Amino acid sequence: GNDYEFALMSQKIGKSEAVLQSIAPVTVVTRGEQGSTVLEHGKPPVDVPVAPIKALVDPTGAGDAYCGGFVVGFMHSASALVAAACGTAAAEHTIGTFGAFGAPPPPAPERLRRLRSVLELAEPEGLAATTIEGVTSLERHLMSTAGIRA
């Protein structure tokens, strides 16, 4: 959830954010224009910055787009970082159009380009091998659903 919702949930149920994070193997907190943070057990937190946007038209549906992108990314890569980058790219596309359903998703090659640009921001010293494996798996999925042979 977003940072406000996460803090509110912590307050309402009387458990610290750290305790809440310890319950789930992966916790993702979105932070609006500051990006998102991926918290996985046994790993340091990873901040995923926002992708450079062409235009901020309407933020309606950005959180939902992030969640959808995250789920698809995680299903096909098994990497929380790749999934967060997918969510970020999906949200970036959504805020560039009016309304939650303002424009169809870009073609698969463009989605992959955006995904890689977000990952390069998150891992500026070079992509880890597990990240590359996750991107490769997701790329196969996107290209096959678009009818493009590798």
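Above this text you will find the structure in question.
*Asks:* In this structure, what is going on with the sheet that holds strand 3 (residues 46-48)? I would like to understand it.
*Replies:* Within a sheet, neighbouring strands are paired by backbone hydrogen bonds and run either parallel or antiparallel to one another. Taken in spatial order, the three strands of this open sheet run 1-2-3, and their pairing is antiparallel. The two strands at the open ends of the sheet, each matched to only one other strand, are strand 1 (26-30) and strand 3. Averaged over all adjacent pairs, the angle separating strand axes in this sheet is 20 degrees, with direction ignored.

*Asks:* Got a minute to help me understand the side chain of Ser 10 in this structure?
*Replies:* By secondary structure assignment, the location of Ser 10 is in helix 1 (residues 3-13). For Ser 10, the side chain forms a polar contact with the main-chain oxygen of Lys 15, separated by 2.4 Å.

*Asks:* Help me understand the pairing of strand 2 (residues 36-40) in this model?
*Replies:* Each regular strand displays side chains that alternate between the two surfaces of the sheet. Of all five residues that make up strand 2, four are buried, and the element is covered over most of its length. Sheet topology places strand 1 next to strand 2; five bridges connect them, and they run antiparallel. Each bridged residue has a counterpart across the sheet, and for Val 26 the counterpart in strand 2 is Glu 40. The turn linking strand 1 back onto strand 2 is made up of five residues, and Gly 32 within it adopts a positive phi angle of 60 degrees. Direction of pairing for strand 2 relative to strand 3: antiparallel, over a ladder of three bridges. Residue pairing in the sheet places Val 38 in a bridge with Val 46 of strand 3. In this structure, the hairpin formed by strand 2 and strand 3 is closed by a connection of five residues, where Gly 42 is found at a positive phi of approximately 75 degrees.

Rules used in this analysis
- Residues numbered from 1 in each chain as written.
- Predicted model: local features only at pLDDT ≥ 70, side-chain atom pairs only at ≥ 80, totals over all residues.
- Heavy atoms only, no water.
- Pairing = 2+ DSSP bridges.
- Helix = DSSP H or I, 4+ residues; strand = E, 2+ residues; numbered from the N terminus.
- Axes fitted to C-alpha atoms, helices over the stretch in contact; angles between N-to-C directions.
- Polar contact = N/O pair within 3.5 Å; in protein donor to acceptor, adjacent residues only side chain to side chain.
- Buried < 20%, exposed > 50% of the residue type's maximum accessible area, 1.4 Å probe, protein only.

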